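Remarks on the overall topology
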Number of protein chains: 2
Amino acid sequence: MSSEKIKKAAIYYFAINGYEGTSLSQIAEKVGIKKQSIYSHFNGKDDLFLQVMNDALNQEICDLNTKIKQYPKSLKETLYDLLQDLMMRYENNVYMKFWLRMSFYPPGHLFDEINTAFYQYEREQKQLFLPLFKSAIKDNVLKKKNPEHLVIAFISLLNAITVELVYGGVERAKEVVDPSWEVFWDGIALATEGAKE
Amino acid sequence: MSSEKIKKAAIYYFAINGYEGTSLSQIAEKVGIKKQSIYSHFNGKDDLFLQVMNDALNQEICDLNTKIKQYPKSLKETLYDLLQDLMMRYENNVYMKFWLRMSFYPPGHLFDEINTAFYQYEREQKQLFLPLFKSAIKDNVLKKKNPEHLVIAFISLLNAITVELVYGGVERAKEVVDPSWEVFWDGIALATEGAKE
DNA sequence: TTCCAACTAACGAACGGTCGTCAGTTAGAA
DNA sequence: TTCTAACTGACGACCGTTCGTTAGTTGGAA
């Protein structure tokens, strides 16, 4: 299907050049058609953008779901795996790059639509993380803290790694993830063996 | 001076709409002149942008310096104040908003220039933070950790708060800063009073 | 003090491009 | 025949940029 190819090209350029930095002719050229032909599939640039954004939203939510649901591991392993997964996805998943850029700096005239989608994603994210921490608190492996606050702190850690991914890709994020993770885990976990090494 | 007014208008629009999303006529209109008149002061859009970027870089480095040098407080107070300061600056300081956006998503054809400036800022940042942690380690208030890693972890915390500032401004960052800070501090400090509260 | 030259900062007009978009057409498949 | 997806051609708008001009100012020299 040709409209899929168009969306694929669109998401690629939107992700690396932003909305204003991407032209329809650029997209069309990548597909191998003329820019006017895009109007056989979409009502215009905004329509194309919003459809692509919706795909990216669903993709991100879906990814997050399958990722978490399949984890019968310990909290520590689960969270650390989520960090690693974030880094892997950033390199390979163009949806995520797109999603990131647009949630950071949406084009002004589509702010409302993007913001609505963004809050939907965020609600989903928090609802998925919360049970993990709640059950860990029950199991008595964490310092006694508000589980909502723990979710916030973990999302902050994810955001910090995300920033490093944007700044310098995976190589750079790798230098940051372990020091930050160690501080985070020491900050939430009950000390079981004293200050380690 | 009129070229200062141009730069002020430019940084404002660059910060909120990005490089591609900002036109010279927009800038000129805000100043109250025609876009052609900008060429009496700058060689073109790129020149204007790079001059503005240089101003922002110097401003940021200067801010950082004066902020840290004036702190004879404890590490805990100093770091927490830096977090609070970050949030205050984001609202009032257009240089910072500009700097942030351009370090996240620079216009492609100016990537090299921006990247060079960015690394200069980052080096400065690390050199300023490192002594704080080193002396705190000597004073024996921290878990024994690599001071470079502590700097990385703290910058991660700053980045996380920055993301929240970009997402939803100060109100939103305020909801995140305390939970994240608490986890961070518990993660690096020696427990002096057991699990608190 | 007057005069002229140089400089400055703004201007209108126009340039070649590219933008997103629309209308009408054509070729092939159902 | 109807429908679809591509095409050609053209539209007005705006982009960054260049040019030549026009005021207003400044600094000496006469």
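Before going into details, it helps to say that this report is about the structure given with it. (Residues numbered from 1 in each chain as written. Chains lettered and ligands numbered in written order. Predicted model: local features only at pLDDT ≥ 70, side-chain atom pairs only at ≥ 80, totals over all residues. Heavy atoms only, no water.)

With that settled, the discussion passes to the protein's contact with DNA strand C. Around DNA strand C, the surrounding shell holds 16 residues, and the nearest of these are Lys35 and Tyr39 of chain A together with Lys34, Ser37 and His41 of chain B. Counting only atoms of DNA strand C within 4 Å of the protein, the fraction found in sugar and phosphate groups is 52%. With respect to DNA strand C, the side chain of serine 2 of chain B contributes an N or O atom lying 3.2 Å from a phosphate oxygen. The contact in question runs from a base nitrogen of DNA strand C to an N or O atom on the side chain of serine 40 of chain B, over 3.1 Å. Per-class residue counts for the surface near DNA strand C are three nonpolar, 10 polar and three charged. (Near = heavy atom within 4 Å. Polar contact = N/O pair within 3.5 Å; in protein donor to acceptor, adjacent residues only side chain to side chain. Nonpolar A, V, L, I, M, F, W, Y, C, P; charged D, E, K, R; others polar.)

This part is about the side chain of asparagine 159 of chain A. Residue placement: asparagine 159 of chain A occurs in helix α7 (residues 147–188). A polar atom in the side chain of asparagine 159 of chain A sits 3.0 Å from the side chain of glutamate 164 of chain B. Setting aside its immediate chain neighbours within four residues, asparagine 159 of chain A contacts Ala160, Val163 and Glu164 of chain B. (Helix = DSSP H or I, 4+ residues; strand = E, 2+ residues; numbered from the N terminus. Contact = heavy atoms within 4.5 Å.)

Right, let's talk about the protein's contact with DNA strand D for a bit. Around DNA strand D, the surrounding shell holds 17 residues, and the nearest of these are Gln36, Ser37 and His41 of chain A together with Tyr39 and Lys45 of chain B. Near-protein atoms of DNA strand D (within 4 Å) split between backbone and bases, with sugar and phosphate holding 52%. Lysine 35 of chain B has a polar side-chain atom sitting 2.8 Å from a base nitrogen of DNA strand D. One of the side-chain nitrogen or oxygen atoms of tyrosine 39 of chain B is found 2.5 Å away from a phosphate oxygen of DNA strand D.

Expressed as a screw transformation, the operator carrying chain B onto chain A has a rotation angle of 180° and an axial translation of 0.0 Å, and the superposed copies differ by an RMSD of 0.1 Å. Here the two chains are linked by the operation of a two-fold rotation axis. Among all residues of chain B, the minimum C-alpha distance to the rotation axis is found for glycine 187 of chain B, at 1.8 Å. A shared interface surface links the copies, since 97% of the contact residues of chain B are contact residues in chain A too. (Least-squares fit on C-alpha atoms with pLDDT ≥ 70 in both.)

A few words now on the environment of lysine 126 of chain B. Residue and element names in this part refer to chain B. Within the secondary structure, lysine 126 sits in helix α6 (residues 111–138). The sequence separation of lysine 126 and valine 183 amounts to 57 residues, and the corresponding C-alpha distance is 22 Å. Residues contacting lysine 126, with those up to four places away along its chain left out, are Val151 and Ile155.

On to unusual backbone geometry. All names here are of chain A. Although it is not a glycine, asparagine 140 adopts a positive phi angle of roughly 65°. Position of asparagine 140 relative to the elements: it lies in the loop between α6 (111–138) and α7. Taking the relative accessible area as the measure of exposure, asparagine 140 reaches 57% and is therefore exposed. (Buried < 20%, exposed > 50% of the residue type's maximum accessible area, 1.4 Å probe, protein only.)

Moving on, we come to the pattern of salt bridges. Residue and element names in this part refer to chain A. Enumeration according to the criterion identifies 20 salt bridges over all chains in this entry. Close ionic contact of lysine 7 with glutamate 4 constitutes a salt bridge, the shortest N to O distance being 3.7 Å. You can see lysine 7 and its partner glutamate 4 sitting in helix α1 (residues 2–17), three residues apart, about one turn around the helix. On the basis of relative accessibility, which here comes to 44%, the residue glutamate 4 falls in the partly exposed class. Of the charged contacts, one joins glutamate 164 and arginine 172 as a salt bridge, the two residues approaching to 2.6 Å between their closest N and O atoms. Each member of the pair, glutamate 164 together with arginine 172, is buried. A single network of salt bridges, built from pairs that share partners, joins Glu60, Asp63, Lys67, Asp85 and Arg89. (Salt bridge = Lys/Arg side-chain N within 4 Å of Asp/Glu carboxyl O.)

Next up on the list: the packing of aromatic side chains. What characterises a pair of aromatic rings is the spacing of the ring centres plus the angle enclosed by the ring planes. With the rule as written, the count across this model stands at 38 aromatic pairs over all chains. Each ring, one from phenylalanine 14 of chain A and one from phenylalanine 49 of chain A, has its centre 5.2 Å from the other, and the planes form 75°; the classification is edge-to-face. Highlighted residues: phenylalanine 14 of chain A in helix α1 and phenylalanine 49 of chain A in helix α3 (residues 45–69), separated in sequence by 35 residues. The class for phenylalanine 14 of chain A is buried, based on a relative accessible area of 0%. Assessed through its relative accessible area of 0%, phenylalanine 49 of chain A is described here as buried. Joined through ring pairs, the aromatic side chains of Phe104, Tyr105, Phe118, Tyr119 and Tyr167 of chain A together with Phe104, Tyr105, Phe118, Tyr119 and Tyr167 of chain B make up one cluster. Over the face of the ring belonging to tyrosine 12 of chain A we find lysine 30 of chain A, whose NZ or CZ atom lies 3.7 Å from the ring centre. Here lysine 30 of chain A stacks its cationic end above the ring of tyrosine 13 of chain A, 5.5 Å away from the centre of that ring. (Phe/Tyr/Trp six-rings, centres within 6.5 Å; stacked < 30°, edge-to-face > 60°. Lys NZ or Arg CZ within 6 Å of the ring centre and 35° of its normal.)

Here the focus is the packing of helix α1 (residues 2–17) of chain B against helix α5 (residues 94–104) of chain B. All names here are of chain B. Look at α1 against α5: their axes get within 8 Å of each other, and the N-to-C directions meet at 45°. Judged on the interaxial angle alone, α5 and α1 are oblique. When you trace α1 past α5, the crossing you get is left-handed. In this structure, α1 contributes Ile11, Tyr12, Phe14, Ala15, Ile16 and Asn17 to the contact, and α5 contributes Val94, Tyr95, Lys97, Phe98, Arg101 and Met102. Residue classes in the contact of α1 with α5 are distributed as nine nonpolar, one polar and two charged. (Axes fitted to C-alpha atoms, helices over the stretch in contact; angles between N-to-C directions. Parallel < 35°, antiparallel > 145°, perpendicular 65-115°, else oblique. Left-handed = near helix turned anticlockwise from the far one by under 90°.)

Of the residues lining the interface, 34 residues belong to chain B; the matching set on chain A comes to 34 residues. Interface area for chain B against chain A, summed over the two sides, is near 3400 Å², with a carbon-plus-sulfur share of 61%. With a closest N to O distance of 2.2 Å, glutamate 122 of chain A and arginine 172 of chain B form a salt bridge. Run the count over chain B and chain A and you get 12 residue pairs in polar contact (both at pLDDT 80 or more). Elements with a minimum of two residues in the side of chain B that touches chain A: α5, α6 and α7 (147–188) of chain B. Of the residues assigned to the side of chain B that touches chain A, the class counts are 16 nonpolar, seven polar and 11 charged. (Buried area = accessible area lost by both parts, 1.4 Å probe.)

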